[in-house]
Amino acid sequence: QVRLVESGGGLVQAGGSLMLSCAASGSVFKLGRMGWYRQAPGKQRELVAHASNMDITTYGDSVKGRSTISVDFVEKTGYLQMNDLKPEDTAVYYCTAILTPVGSEIPRDYWGQGTQVTVSS
């Protein structure tokens, strides 16, 4: 019923920029937190950034100073602006959210299908 729909991935040269989008579709009563994790082949999934509806943002060490997360908790859509991209940023980026569906009082985690970001040198 509830899905996270991601967009904005693609191929970019080192030093370039991308913006990722994530929209929570379906019957969402409340969005509590939205963000992105990423996973490169052979590596652990790591935090990129997330933002809560309490106006708290957190960034992974590898992207601090180069990325900005913005979440519209009314539209239930999040954006990740990534600048000065490096080849080591190449990964599948997964949107994740903590939200409460309509008709429920229990929040739960949701994950998008992932979008590929490839940074060429």
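Up top you'll find the structure we're talking about.
Residues numbered from 1 in each chain as written. Predicted model: local features only at pLDDT ≥ 70, side-chain atom pairs only at ≥ 80, totals over all residues. Heavy atoms only, no water.

J.: Teacher, can you tell me more about the nonpolar core here?
T.: Generally speaking, soluble globular proteins have nonpolar side chains that are buried together. Leu-4, Met-34, Trp-36, Leu-80, Tyr-93 and Leu-99 are the most contacted members of the largest nonpolar core, which totals 29 residues. Broken down by secondary-structure element, the contributors of at least two residues to this core are β3 (18–25), β4 (28–39), β5 (46–52), β7 (67–72), β8 (77–82), β9 (91–101) and β11 (115–120). Per-element accounting of this core gives the leading share, 5 residues, to β9. If we ignore the near neighbours within four places in the chain, the residues touching Tyr-93 are Glu-6, Leu-20, Trp-36, Tyr-37, Arg-38, Val-48, Met-82, Gly-114, Thr-115 and Val-117. (Core = buried A, V, L, I, M, F, W, Y, C linked by side-chain atoms within 4.5 Å. Buried < 20%, exposed > 50% of the residue type's maximum accessible area, 1.4 Å probe, protein only. Helix = DSSP H or I, 4+ residues; strand = E, 2+ residues; numbered from the N terminus. Contact = heavy atoms within 4.5 Å.)

J.: I'm lost on the pattern of salt bridges in this one. Help?
T.: Between side chains of opposite charge, a pair can form when the charged atoms approach closely. Inspection of every chain in the model, using the stated rule, returns 4 salt bridges. The shortest N-O distance in the salt bridge between Asp-89 and Arg-38 comes to 2.9 Å. A residue pair is termed long-range when its members are at least 10 positions apart, and Asp-89 in the loop between β8 and β9 and Arg-38 in strand β4 qualify at 51 residues. Here Lys-64 and Asp-61 are joined by a salt bridge, their closest N and O atoms 3.0 Å apart. Assigned by exposure class, Lys-64 and Asp-61 land together as exposed. (Salt bridge = Lys/Arg side-chain N within 4 Å of Asp/Glu carboxyl O.)

J.: How do you make sense of the sheet that holds strand β1 (residues 3–7) when you look at a structure like this?
T.: Where strands meet in a sheet, backbone hydrogen bonds hold them as pairs that are either parallel or antiparallel. Spatially, 4 strands are ordered β1-β3-β8-β7 in an open sheet, and the strand pairing comes out antiparallel. Looking along the sheet, the strands with just one partner apiece sit at the ends: β1 and β7. Going from strand to strand, the sheet's axes swing by 15° on average, the running direction of each strand aside. Note that β1 and β3 share 5 bridges and pair antiparallel. Its bridge partner lying in β3, Glu-6 is registered against Cys-22. (Pairing = 2+ DSSP bridges. Axes fitted to C-alpha atoms, helices over the stretch in contact; angles between N-to-C directions.)

J.: Can you help me understand the packing of aromatic side chains in this one?
T.: How two aromatic rings sit relative to each other is given by the distance of their centres and the angle of their planes. For the structure on display, the rule yields 1 aromatic pair. With 5.6 Å between their ring centres and 50° between their planes, Tyr-37 and Trp-111 make a pair best called tilted. With a gap of 74 residues between them, Tyr-37 in strand β4 and Trp-111 in strand β10 (residues 108–111) connect regions that are remote in the sequence. Here Tyr-37 falls in the partly exposed class, since its relative accessible area comes to 23%. The ring of Tyr-94 has Arg-45 lying over it, and the distance from NZ or CZ to the ring centre is 4.1 Å. Taking NZ or CZ as reference, Arg-108 lies 4.2 Å from the ring centre of Tyr-110, over its face. (Phe/Tyr/Trp six-rings, centres within 6.5 Å; stacked < 30°, edge-to-face > 60°. Lys NZ or Arg CZ within 6 Å of the ring centre and 35° of its normal.)

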